[in-house]
Amino acid sequence: MSILKYEIILDLFLDELIPDTKKSVSKGNKIFGAFIIKKDDLSFTISGTNNETENPLFHGEISTIINFFKSKNLNPKEYLFISSHEPCSMCLSAITWCGFDNFYYFFPYSDTESSFNIPHDLKILKEVFNINNGEYIKDNYYWKSHSILESISKLQNPDKEKLLEKAKRIRDLYENLSELYQSSKISNNIPLN
Ligand SMILES: [Zn+2]
């Protein structure tokens, strides 16, 4: 895959998703979000952020899917689904039911649990589905999942270092947002906060 695709994805984190996430976190929501780009020209289509203070089902991916289907006649097969964090079991299913054949995530489950202190993704997979260490089938009948950071690391291009620096900036911004969320979460009514 071309380096351009990942450069565009990282830029959209910085220019679109993170500014929206900041607003959402300031209302007491989690730091999660997603956006969708078109496969053929990599153009930005729609984004969404976690809105659990309104409804605990409104994860970042769900908000994004709701926004996506507000436009009629879009074919999910023509789009790339980009998530800030590896999707939880509900969102894995939602992406499946919607007909996307892919998703890309920035932070893996292990980061969500350890760096961001939100263990529910791994815990639900284990407690409800008996899946250890988040090991769902990453390339299955319905879709293929991709780690953005692993994909960049595998690129055979000297310019990938610039992308990894950009990725570091993105991580720092999410860590700041996480501090804000964690310091406010005692006062929210989110069931799994
Ligand atoms: Zn989710």
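Thresholds, definitions, all that
- Once a new chain begins, its residue numbering starts again from 1 and follows that chain's sequence as written.
- Local features are withheld for residues below a pLDDT of 70 in this predicted model, meaning they are given only at 70 or higher, and side-chain atom pairs are given and counted only at 80 or more; totals for whole chains, interfaces and linings count all residues.
- Note that the side-chain values use all heavy atoms of the structure and ignore hydrogens as well as water.
- Helix numbers and strand numbers start at the N terminus; a helix is a DSSP run of H or I with at least 4 residues, a strand a run of E with at least 2.
- C-alpha atoms define the radius of gyration in this analysis, and the globule rule sets the expected value at 2.2 Å times the number of residues to the power 0.38.
- Each residue's exposure class comes from its accessible area (1.4 Å probe, protein chains only) as a fraction of the maximum for that residue type: buried when under 20%, exposed when over 50%, partly exposed otherwise.
- The contact criterion used is simple: two residues touch if any of their non-hydrogen atoms lie within 4.5 Å.
- We place a 1 Å grid over just the protein atoms. Points where a 1.4 Å probe fits but has no way out form a cavity, open points with protein on both sides within 12 Å along at least 5 of 7 lines form a pocket, and any residue with an atom within 4 Å of a point lines it.
- Grid points are joined across faces, edges and corners, and a volume is the space filled by probe spheres set on the points.
- Throughout this entry, Asp, Glu, Lys and Arg are counted as charged residues, while Ala, Val, Leu, Ile, Met, Phe, Trp, Tyr, Cys and Pro are counted as nonpolar. The remaining residues, Gly among them, count as polar.
- Because no water is among the atoms considered, metal sites can look incomplete, with donors defined as N, O and S atoms within 2.8 Å of the metal, or 3.2 Å for Na, K and Ca.
- Note: two strands are recorded as paired if DSSP finds a minimum of 2 bridges between them.
- What counts as an axis is a line fitted to C-alpha atoms, over the stretch in contact for a helix, and the angles between N-to-C directions run from 0 to 180 degrees.
- Aromatic pairs are defined between Phe, Tyr and Trp rings, using the six-membered ring for Trp, whenever the two ring centres lie within 6.5 Å; interplanar angles under 30 degrees are classed as stacked, those over 60 as edge-to-face, and all others as tilted.

A. Region of the structure containing the overall build of the protein chain. Across its full length, the protein chain holds 7 helices and 5 strands. For the protein chain, the succession of helices and strands along the chain, N to C, is α-β-β-α-β-α-β-α-α-β-α-α. Over its C-alpha trace the protein chain gives a radius of gyration of 16 Å, about what one expects of a compact globule, namely 16 Å for 193 residues. Taken along the three principal axes of its C-alpha coordinates, the protein chain extends 45 × 35 × 35 Å. Sorting the 193 residues of the protein chain into buried and exposed places 48% on the buried side. Long-range pairs, those at least 24 residues apart, make up 63% of the contacts in the protein chain with a sequence separation of at least 6.

B. Inspection of the layout of surface pockets at higher detail. Estimates place the volume of the largest pocket at around 320 Å³. What lines the largest pocket is a set of 23 residues, among which Glu-52, Pro-56, His-59, Cys-88 and Asp-121 lie closest to the centre. Elements represented by at least two residues in the lining of the largest pocket include exactly strand 3 (79-85) and helix 5 (120-129). Broken down by class, the residue content of the lining of the largest pocket amounts to 10 nonpolar, 8 polar and 5 charged. Reported here for the second largest pocket is a volume of approximately 190 Å³. Taken together, Ser-89, Leu-92, Ser-93, Thr-96, Leu-125, Phe-129, Ile-131, Tyr-136, Ile-137, Asn-140, Tyr-142 and Trp-143 make up the lining of the second largest pocket. Of all the secondary-structure elements, those providing two or more residues to the lining of the second largest pocket are helix 3 (89-98) and helix 5. When residues of the lining of the second largest pocket are assigned to their parent elements, the largest contribution, 4 residues, is made by helix 3. By residue class, the composition of the lining of the second largest pocket is 8 nonpolar, 4 polar and no charged.

C. Representation of helix 5 in the model. For helix 5, the set of buried residues is His-120, Asp-121, Leu-122 and Leu-125. In this structure, the buried residues of helix 5 make contact with helix 3 and helix 4 (109-114). Two residues or fewer past helix 5, Asn-130 is found with a positive phi of approximately 60°.

D. Quick look at the coordination of the zinc ion. His-59 (ND1), Cys-88 (SG) and Cys-91 (SG) make up the full set of protein donors to the zinc ion, lying at 2.1 to 2.3 Å. Each donor residue of the zinc ion belongs to the same chain, and together they define the spacing H-x28-C-x2-C. Taken together, the residues span a long stretch of sequence, with His-59 in the loop between strand 2 (44-49) and helix 2 (60-68) and Cys-88 in the loop between strand 3 and helix 3 at a distance of 29 residues. Both residues of the pair, His-59 and Cys-88, belong to the buried class.

E. Spatial organisation of the sheet that holds strand 4 (residues 102-107). Reading across from one edge, 2-1-3-4-5 is the order of the 5 strands in this open sheet, with mixed pairing throughout. Single-partner strands in this sheet number two, and they are strand 2 and strand 5 (144-147). Within this sheet the neighbouring strands show an average axis-to-axis angle of 20°, counted without direction. Strands in contact with helix 2 are strand 1 (33-38), strand 2 and strand 3; relative to strand 2, the strand with the most contacts, it is inclined by about 135°. The strands touched by helix 7 (residues 160-184) are strand 3 and strand 4; relative to strand 4, the strand with the most contacts, the crossing angle is about 70°.

F. Representation of the packing of aromatic side chains in the model. In total, this model carries 17 aromatic pairs according to the counting rule given. Relative to Tyr-174, the ring of Phe-107 has its centre 5.3 Å away and its plane inclined at 85°; by these criteria the two rings are edge-to-face. Residue Phe-107 is located in strand 4, and its partner Tyr-174 is located in helix 7; the two are separated by 67 residues in the primary sequence. The pair Phe-107 / Tyr-174 is uniform in exposure class, with both members buried.

G. Region of interest: unusual backbone geometry. Phi is positive for Asn-117, which is not a glycine, with a value near 55°. Tracing the sequence through the fold places Asn-117 in the loop between helix 4 and helix 5. The residue Asn-133 is not glycine, and still its phi comes out positive at about 55°. Within the element layout of this structure, Asn-133 appears in the loop between helix 5 and strand 5.

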